[in-house]
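A structural walkthrough
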Amino acid sequence: DSEQVLLARMIFGEARGQSDIEKIAVAYTAVNRANDGKKRNGETVKKSILKPKQYSCFNKDNPNRDELMNPQKYDAKTFDDCLEISQKVLSKKYADPTNGATHYFNPSIVKPKWARKMKKVGRIKVAGNKLSEHEFYLEN
């Protein structure tokens, strides 16, 4: 896959039920990792996405994996939207709503230990006074 398609798959697998701004925020975590100068996070968007156990939708045991591998079959319209968001994130047509966050999680689903070692950016504003489902973090 190209970086655009791979990033769209990641958005689809991680945030397809979220608002566009939250999808953009999730996408930027991969871009920010690729640009953070830390080789362990991957030096390209593609490498940052494909690092083992970083984006759970790519884990072999993730129930979303089948949908992720063939998103057109499961929800073509949403995947097309993810492709558009991916293209605009990669071309910097969207600003980073996370202020540089490299990680995130949904606290209603999981509370990972790694978050304690990172700087909490917090949730982003998605619509009106509503906040994102995901919390965003920055590596120290």
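Higher on the page you've got the structure.
First, a word on what this report is: a plain description of the structure on this page. Per chain, the residues get numbers from 1 upward, laid out in the order the sequence is written. Local features in this predicted model are restricted to residues whose pLDDT is 70 or higher, and side-chain atom pairs enter the listing and the counts only when it is 80 or higher, whereas totals over whole chains, interfaces and linings include all residues. Side-chain measures here rest on the full set of heavy atoms in the structure, leaving out hydrogens and waters.

Once that is clear, we can look at helix α5 (residues 71–90). Numbering of helices and strands runs from the N terminus; a helix is a DSSP stretch of H or I covering at least four residues, while a strand is a stretch of E covering at least two. A helix is expected to span 1.5 Å multiplied by its residue count minus one. Its 20 residues place the ends of α5 only 20 Å apart at the C-alpha level, less than the 28 Å of an ideal helix rising 1.5 Å per residue. Bend is the name given here to the angle between axes fitted to two runs of seven residues, the run ending at a residue and the run starting at it. Residue Lys-77 marks the point of greatest curvature in α5, where the axis turns by about 80°. Every buried residue belonging to α5 is among Pro-71, Thr-78, Phe-79, Cys-82, Leu-83, Ile-85, Ser-86 and Val-89, and all of these are buried. Every residue pair with non-hydrogen atoms within 4.5 Å of one another is taken to be in contact. Packing partners of the buried residues in α5 comprise α1 (3–15), α2 (20–34) and α4 (65–69). Note on exposure labels: buried denotes an accessible area under 20% of the residue type's maximum, exposed denotes more than 50%, and partly exposed covers the range between, all computed with a 1.4 Å probe on protein chains only.

The working definition used for a salt bridge is a side-chain nitrogen of Lys or Arg within 4 Å of a carboxyl oxygen of Asp or Glu. If you walk through the whole model with that rule in mind, you get eight salt bridges. Close ionic contact of Arg-40 with Glu-139 constitutes a salt bridge, the shortest N to O distance being 2.4 Å. Of the two residues, Arg-40 sits in the loop between α2 and α3 (45–50) while Glu-139 sits in the segment after β5 (135–138), which places them 99 residues apart along the sequence. Put simply, Asp-81 and Lys-77 hold a salt bridge, and the shortest N to O gap is 3.2 Å. Of this pair, Asp-81 and Lys-77 are both found in helix α5, four residues apart, which corresponds to roughly one turn of the helix. Judged by its relative accessible area of 28%, Asp-81 is partly exposed. Among the ionic contacts, a cluster of salt bridges with common partners joins Lys-120, Arg-123 and Glu-135.

Both the distance between ring centres and the angle between the ring planes are used here to describe each pair of aromatic rings. A pair of aromatic rings is counted whenever rings of Phe, Tyr or Trp (Trp by its six-membered ring) have centres within 6.5 Å, and the orientation is called stacked for planes under 30 degrees apart, edge-to-face for over 60 and tilted otherwise. Scanning all chains against the criterion turns up six aromatic pairs. With 6.2 Å between their ring centres and 40° between their planes, Tyr-55 and Tyr-104 make a pair best called tilted. Of this pair, Tyr-55 sits in the loop between α3 and α4 while Tyr-104 sits in strand β1 (residues 103–105); the two residues are 49 residues apart in sequence, bridging distant segments of the chain. Of the two residues examined, Tyr-55 and Tyr-104, each falls in the buried class. By way of ring pairs, the aromatic residues Tyr-55, Tyr-104 and Phe-136 are connected into one cluster.

Moving on, we come to the sheet that holds β5. For two strands to be treated as a pair, DSSP must find at least two bridges joining them. Ordered by their spatial adjacency, three strands build an open sheet running β1-β5-β2, and the pairing between neighbours is antiparallel. Edge strands, defined here as strands with exactly one partner in the open sheet, are β1 and β2 (119–122). Averaged over neighbouring strand pairs, the angle between their axes works out to 30° when direction is ignored. Sheet topology places β1 next to β5; three bridges connect them, and they run antiparallel. Its bridge partner being in β5, Phe-105 is matched across the sheet by Glu-135. Axis geometry follows a simple rule: fit a line to the C-alpha atoms, using only the stretch in contact for helices, then measure angles between N-to-C directions, giving values from 0 to 180 degrees. Running at roughly 150° to β1, α2 makes contact with β1 and β5 of the sheet.

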